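# Overview (structure and organization)
Residues per chain are reported as follows:
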Amino acid sequence: MLMLICVYQPINTTILYYSQPDFAGNFGAEFRSHGLYFDILSNYFIPEVCWYLCLYLSFLYAATGLPNRLINERKIGNAILTVLPVFIAVWIALVFISWYKEPYNSTVVMTAIFEQFKTTINIFGLLAAYQVIKRVVAWYQTNHQSNLSRDKKLIYNDIFCFVFFWLLLLVPAVLFHVTDAVGFFFLLIVPGAFINHAVLVHWLLKSKLKNPLLWTQLFIVSLLISAPLIAIFTFKGTNGGNNWPAMFMAFWLGQQLLIVPLSLAVYTHRKRRETELSDLRSGLSTSTANLQFLRSQINPHFLFNALNTLYGTALSEQAEKTGEGIQKLGDMMRFMLHENTQDNIALSRELDYLKNYIDLQNLRISTSPDISIDVAIPDVEGYYQVAPMLLIPFVENAYKHGISLRERSWINISVSLSNDKLQLDVYNSVHVYSSTDPERERSGIGLENVKQRLQHLYPQRHELVIRETTKEFFIHLTIKLT
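Here is a short report on the structure shown in this document. (Residues numbered from 1 in each chain as written. Predicted model: local features only at pLDDT ≥ 70, side-chain atom pairs only at ≥ 80, totals over all residues. Heavy atoms only, no water.)

At 3.6 residues per turn, the α-helix brings residues three or four places apart onto the same side. For helix H6 (residues 76–101), with 26 residues, the first-to-last C-alpha span of 37 Å sits near the 38 Å given by 1.5 Å per residue. When we look at burial in H6, the residues that qualify are Ala-79, Thr-82, Val-83, Val-86, Phe-87, Val-90, Leu-94, Val-95, Ile-97 and Ser-98. (Helix = DSSP H or I, 4+ residues; strand = E, 2+ residues; numbered from the N terminus. Expected span 1.5 Å × (residues − 1). Buried < 20%, exposed > 50% of the residue type's maximum accessible area, 1.4 Å probe, protein only.)

As C-alpha cells, then:
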C-alpha cells in the first residue's frame, strides 16, 4: 500500500507535465540550461519509481527474507551480516539514481554518497524498528493476554495490528516527504476509519443486526469520530473552497460504504469461527468424557476380577499371607479409584488405607530380623473428614528411605486424635542411596507436594515439624479437623 501511495506522486507529476504546458515549461530547466535533453519519463519518473522500489525491496528482504528467518532462530549476528551486503547495494543504487537525476551536476556523486548514506540508514533503521515492534507485540500477546477474556483479546489484537501497520505507513511517509495530502490522509482519515470499524465490530454489531437503532447508532458514532477528521482533511485539501462540502460528503460516504461491509464481513467471519471452535470443543469434551467413562468401567472391572481370581487361588493353595496381601491391594485400589477423587472423605477410610499400605509393606520385610516396625493407629470414634491421601506420603517416605535389607532399620508410626486434632508422628532410620540409584534424584518430591496441599487445604489449621539427620528422620503433623 505504501509503495502504491508513494508511486502516486511521480505518476501525478508526470500527468501534470503532459497536461499543463506552464508546469512542463518550468520542469527540467536545469537540464536545458546545461544543454542537455530532458525526458520526463527517463529523467524523472523512472528514477523516482526506482527509488521507491529500493525501499520496497529492502522491506521485503528484511521483513520476510533471510534476516527475518535468522531472527526467528535467534541468530541475530548472522541476520546483521546478511543485511550488510543489501545495505551497501541499496546505498550504491541510491547514489546512482541521484547521479542519473542530475547528470549536469559535477559534484552530485560526492554529495549523494553522504546524503544517500543517511537515507539508507533511515531505511534500515525503520526496518529494524519494524522487527522490534513486531516481536514486542508478539511477546506481549503471548505473555500478557493469557488471563484476558476472548473479547478483550480480540480488541487488543485489533489495536496492536492497527497501530503497528499505521506506524509502518505513517513514519516512512513523513521521513521521505510524501505530499501533504498523503500525510494528512494517514494522520487523520486512517485512524478515524479504524476507530469506526472497531466500534462497529466490538460494540454495535454485538447488539444484534436486527436492532432497529443499529444504523442510527452507527450514524452518530460516525459523526462523532470520522466526520470531524474528514472535515479537517477535506478543508485542508480544498483550502476552504466552495467545493469543500461536496468533497466532505464524498469522503464521508465513501468511508462508510467501505467500512460497514468490511466490518460486517469481519464480524460474521469471527462469529462463524467462534461457533465452529465451540462445536469442536463440545465434541472433543463429549468424546473425552465417553472415553474416560468406558475406561473407568473396563479397567477396574478387569483388575478386580483378576485380583479376586488370584485371591481365590492363594486361598486354595493355603497361601494365607499372599491372599491377605491381594485382598489389601484390592481395597487400596478401590480407595484410589472411588474416594481419592473426592475433596474430603471419612477419616476412618483414610486410616484404613494407611493400615493396608503398612500391612502390604510389612509382608515384604517380614523375614528380615534387623527391621523393626512399630505402628499405633487407633480406631476413630466419631465422624471426621479429611482430604484424601494426605497422610500416606509421610509413611511412604519412611518405607522408601528408612528400610534397608543390609543394615539395621526401624520405623515408628503413631496416629492420635484428641480435641478434634489429628496428630501423626513418623520416626524412621535413614539410608543414603548410592550415586547410581535412579530414586536418588526423586527424593523429597512427595513431601514438597503434601506441604503445598496442607498450605492450600488447611491454612492456619496445621503444624508440620520435620527434623532430619544423616541417620534419622522425624515428622510431626497436627491438623485441626473442624
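Before going further, it helps to spend a moment on the sheet that holds strand E6 (residues 462–468). Paired through backbone hydrogen bonds, the strands of a sheet run either parallel or antiparallel to each other. Strand order in the open sheet formed by five strands is E2-E4-E5-E7-E6, with mixed pairing between adjacent strands. Every other strand in the sheet has two partners, leaving strand E2 (371–376) and E6 as the edge strands with one partner each. Sheet twist, expressed as the average angle between the axes of neighbouring strands with direction ignored, equals 5 degrees. Contacting E2, strand E4 (409–418), strand E5 (421–429), E6 and strand E7 (472–480), helix H14 (residues 392–402) crosses the sheet at an angle of about 5 degrees to E5. (Pairing = 2+ DSSP bridges. Axes fitted to C-alpha atoms, helices over the stretch in contact; angles between N-to-C directions. Contact = heavy atoms within 4.5 Å.)

Right, let's talk about the packing of aromatic side chains for a bit. Counted by the stated rule, this structure contains ten aromatic pairs. Ring geometry for Phe-87 versus Phe-117: centroids 5.8 Å apart, planes at 85 degrees, classification edge-to-face. Of the two residues, Phe-87 is situated in helix H6 and Phe-117 in helix H7 (residues 108–143); the sequence distance between them amounts to 30 residues. Grouped by ring-pair contacts, the aromatic residues Phe-87, Trp-91, Phe-117 and Phe-124 constitute a single cluster. (Phe/Tyr/Trp six-rings, centres within 6.5 Å; stacked < 30°, edge-to-face > 60°.)

A few words on the packing of helix H4 (residues 40–64) against H6. At a minimum axis separation of 10 Å, H4 and H6 run at an interaxial angle of 170 degrees. Judged on the interaxial angle alone, H6 and H4 are roughly antiparallel. Mapping the contact onto sequence places Ser-42, Asn-43, Pro-47, Glu-48, Cys-50, Trp-51, Cys-54, Ser-58 and Tyr-61 in H4 and Thr-82, Val-83, Val-86, Val-90, Ala-93, Leu-94, Ile-97, Tyr-100 and Lys-101 in H6. Classifying every residue of the contact of H4 with H6 by side-chain character gives twelve nonpolar, four polar and two charged. (Parallel < 35°, antiparallel > 145°, perpendicular 65-115°, else oblique. Nonpolar A, V, L, I, M, F, W, Y, C, P; charged D, E, K, R; others polar.)

Further remarks concern the pairing of E7. Looking at chain direction, E5 and E7 are connected through nine bridges and run antiparallel. Bridging across to E7, Gln-423 finds its partner in Thr-478. Sheet topology places E6 next to E7; seven bridges connect them, and they run antiparallel. Each bridged residue has a counterpart across the sheet, and for Leu-464 the counterpart in E7 is Leu-477.

Let's shift gears to the environment of Phe-27. Within the secondary structure, Phe-27 sits in the loop between helix H2 (21–26) and helix H3 (29–33). In this structure Phe-27 touches Thr-13, Tyr-17, Arg-32, Phe-38, Ile-40 and Tyr-44, once residues within four positions along its chain are discounted.

Taken as a whole, this structure holds four salt bridges when the rule is applied. We note a salt bridge from Asp-352 to Arg-349, for which the minimum N-O separation is 3.8 Å. Highlighted residues: Asp-352 and Arg-349, both in helix H13 (residues 347–365), separated by three residues, approximately one helical turn. Asp-379 is the salt-bridge partner of Lys-355, the closest N and O atoms lying 3.4 Å from each other. Of the two residues, Lys-355 sits in helix H13 while Asp-379 sits in the loop between E2 and strand E3 (385–386), which places them 24 residues apart along the sequence. According to the relative accessible area criterion, Lys-355 is partly exposed, its value standing at 25%. Of the residues examined, Asp-379 reaches a relative accessible area of 67% and is grouped as exposed. (Salt bridge = Lys/Arg side-chain N within 4 Å of Asp/Glu carboxyl O.)

A general feature of soluble globular proteins is that nonpolar side chains tend to end up buried together. Membership of the largest hydrophobic core comes to 40 residues, with the highest contact counts inside it found for Leu-354, Phe-394, Tyr-399 and Leu-424. Mapped onto this core, the elements with two or more residues apiece are helix H12 (320–339), H13, H14, E4, E5, helix H15 (445–457) and E7. A total of seven residues in this core trace back to one element, the largest contributor, which is H13. Grouped together as the second largest cluster of nonpolar side chains are 14 residues, Trp-51, Cys-54, Ala-62 and Ile-123 included. (Core = buried A, V, L, I, M, F, W, Y, C linked by side-chain atoms within 4.5 Å.)

For H13, with 19 residues, the first-to-last C-alpha span of 27 Å sits near the 27 Å given by 1.5 Å per residue. By the burial criterion, the buried members of H13 are Leu-347, Glu-350, Leu-351, Tyr-353, Leu-354, Asn-356, Tyr-357, Ile-358, Gln-361 and Ile-365.

The next thing to look at is the side chain of Ser-98. Among the secondary structure elements, Ser-98 is positioned in helix H6. In this structure Ser-98 comes out as buried when scored by relative accessible area, which is 14%. Here Ser-98 is in contact with Val-108, Ala-112 and Gln-116, once residues within four sequence places are set aside.

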